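Chain by chain, the residues run as shown.
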Amino acid sequence: MSSSLSVDPASNQSPAALLGFLKQCQTSAARLKRPLLVSISLEVPALDPLAVLATIYEPGERHFYVERPTENLAIAGAEAVLEFSASGPERFERVQDFIDQTLASAIIVGDQGLPLSGPHFFTAFSFFNDVGASEPFASASVFVPRWQVATRGTGESRRTLAVANLQLGEDSDVEAACEKIWRAHQRFSGFALGAEALKLDDAQPPRVTLSELGGEAHYVAAVRRAVEQIEAGEFEKIVLARAKDLVSEVPLHPMQALHGLRQRFRECYAFSLANGQGQSFIGASPERLVRVHGGMLQTEALAGSSPRGTTEEEDAVFAAALLRSDKDRHEQRLVLDAIVRHLAPLGLQLEFDAVPGLRRLDNVQHLHTPVRAALPVGVRALDVISRLHPTPAVGGVPRVAACAGIRAIENFPRGLYAGALGWIDSRGNAEFFVGLRSALIDGAKARLYAGAGIVAGSQPEQELAETALKFEAMERALFATKA
Ligand SMILES: C=C(O[C@H]1C=CC=C(C(=O)O)[C@@H]1O)C(=O)O
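Predicted model, so just to flag it, every value in this text is computed and none were measured. (Residues numbered from 1 in each chain as written. Predicted model: local features only at pLDDT ≥ 70, side-chain atom pairs only at ≥ 80, totals over all residues. Heavy atoms only, no water.)

> It is not clear to me how helix H3 (residues 91-104) should be interpreted in this structure. Could you clarify?
Side chains of residues three or four places apart in an α-helix project in the same direction, reflecting 3.6 residues per turn. Here H3 spans 20 Å end to end across 14 residues, near enough to the 20 Å set by a 1.5 Å rise per residue. Within the sequence span of H3, burial applies to Arg91, Phe92, Val95, Gln96, Phe98, Ile99, Thr102 and Leu103. The buried side chains of H3 occupy one side of the element, clustering within an arc of 155° when seen end-on. (Helix = DSSP H or I, 4+ residues; strand = E, 2+ residues; numbered from the N terminus. Expected span 1.5 Å × (residues − 1). Buried < 20%, exposed > 50% of the residue type's maximum accessible area, 1.4 Å probe, protein only. Arc of directions from axis to C-beta.)

And the structure:
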């Protein structure tokens, strides 16, 4: 819904102007006989979204945070103004309907030209279409935060945007809403909340115990069984994960872990999604699922792993071996082929290189093929995600048989592990990543996840070592002495 209301919060910043604007919004809501989402974006001095989140962090409050340091991009939002959840195979469409309906009753004002302005729909889809009733996150959930802070760029060109969202109906208390927004605005404008505000580096690491569900033996047996099923033709590839349970002597500090992760894994998506009931799902994922920006789609095929070397020579040897490995090339090619196959019905002209490159992280390196396409008119991010998820980087080939195999072989619910998390803005731009290298945090407890793709020729001990390397990232972030 476009706004004919004249408010320019950047040049007309006063409580009286804000109140006047909100009263106009309320009149519109009364006329339309439905509550409206009002979203006000305003540029503010540089802020670090993670520091802001850490400052106001309440385990009982919903939040979403994602940052990709190499892209100089970070966004955080907290407290739900509007939320929706769904389950089943139609979950993607149902989330899209919720977004469409919300935007049809929205008044969006302020610095709209700036990146990451306007309301963002923070969204998460679990790995499977359905989750158990006792699981902490629904199989599809989306919320619009009460406040949102985003930053993009570096140095002189860095821009920071604060967004306040509220729902106004005929009976809303506009004066109270106005006061709340004004106070938040003063806070965002007046506080020095750069990364230095985190002061997390000195915190003492907690003492913890760590135990794997079923022990390593379970995973070794699982991989062996999967290889037999592959040889028997039941599927061509399956991604099998391990889970470890961690118990700490003191409550874990997810913000501190995230600060460590974003410093160490600059090319990954450091992320946190809190459900408002004390649990949060955090991680540093190397894998983009979908980016939609200005009508262009970006996705990628990421699979096949090897360690990083301790010297440049050793690193180069590992890299060359990975690039030459038939097993890893096959494992990654299956992901690329699936992307092509699943997106073909949408009429996209995909562009990608014939030969994969490398994505090099601090602990592991992967085969990587970026994929780009122009999005045909009417095709939206969730249309793409509903077809892509789960890719064979986290599920398998054929998809249905591999997912049934995962359910039968793994000894824990995946929940958001290997799910799709991200945001969609009011213009249809979107960024989703895959919930890898992750942990579910609950007070002093955490469950950590790591998986690996299994194809013909996979060796159980090698897959065990690969997943141990993947676990190491989160283990170090949660309880090691130095990030
Ligand atoms: C399933 C995971 O990683 C995927 C992404 C990159 C490389 C992978 C691999 O080499 O097996 C996996 O497909 C995980 O980290 O839990």
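> I keep staring at the packing of aromatic side chains and nothing clicks. Help me out?
Each aromatic ring pair is characterised by the separation of its centres together with the angle its planes make. Under the counting rule described, the total for this entry stands at 13 aromatic pairs. Seen from their ring centres, phenylalanine 98 and phenylalanine 121 are 6.3 Å apart, and the 85° between their planes marks the pair as edge-to-face. With phenylalanine 98 in helix H3 and phenylalanine 121 in strand S5 (residues 120-125), this residue pair connects regions lying 23 residues apart in the sequence. The exposure classification of phenylalanine 98 matches that of phenylalanine 121, with both residues buried. A ring pair is formed by phenylalanine 122 and phenylalanine 143, whose centres lie 5.7 Å apart and whose planes are at 50°; its orientation type is tilted. With phenylalanine 122 in strand S5 and phenylalanine 143 in strand S6 (residues 140-152), this pair connects stretches of sequence that are 21 residues apart. The class for phenylalanine 122 is buried, based on a relative accessible area of 1%. Positioned over the ring face of phenylalanine 128 is arginine 407, at 3.9 Å from the centre of the ring. One Lys or Arg, arginine 414, reaches over the ring of phenylalanine 127 and ends 4.4 Å from the middle of that ring. (Phe/Tyr/Trp six-rings, centres within 6.5 Å; stacked < 30°, edge-to-face > 60°. Lys NZ or Arg CZ within 6 Å of the ring centre and 35° of its normal.)

> Can you walk me through the domain arrangement of the protein chain in this structure?
You'll often see interface size given as the accessible area lost when the parts meet. Looking at the protein chain, the domain boundaries give domain 1 (15-198) and domain 2 (208-479). Centre-to-centre separation of domain 1 and domain 2, based on C-alpha positions: 27 Å. Of the residues lining the interface, 50 residues belong to domain 1; the matching set on domain 2 comes to 55 residues. With both chains or domains summed, domain 1 and domain 2 bury close to 4,500 Å², and 61% of this area falls on carbon and sulfur atoms. (Domains from an automatic or database assignment. Contact = heavy atoms within 4.5 Å. Buried area = accessible area lost by both parts, 1.4 Å probe.)

> Explain the pairing of strand S17 (residues 420-425) to me, please; I cannot follow it from the model alone.
Both faces of the sheet carry side chains from a regular strand, because those side chains alternate between them. The buried fraction of S17 is high, at six of six residues. Judged from the six bridges that link them, S5 and S17 form a sheet pairing that is antiparallel. In the sheet register, phenylalanine 125 faces S17, and the bridge partner there is alanine 420. Taking the residues between adjacent antiparallel strands as the criterion, S17 and strand S18 (residues 430-434) are bridged by four residues, where glycine 428 takes a positive phi near 90°. (Pairing = 2+ DSSP bridges.)

> Help me understand the UniProt feature "domain: Chorismate-utilising enzyme C-terminal" (unreviewed entry) in the protein chain in this model?
Following the UniProt record, one finds the feature "domain: Chorismate-utilising enzyme C-terminal" (unreviewed entry) at residues 217-470. For residues 217-470, the end-to-end C-alpha separation is 18 Å, with 34% helix and 34% strand making up the annotated structure. (UniProt positions renumbered as here; feature names shortened; annotations may be inferred.)

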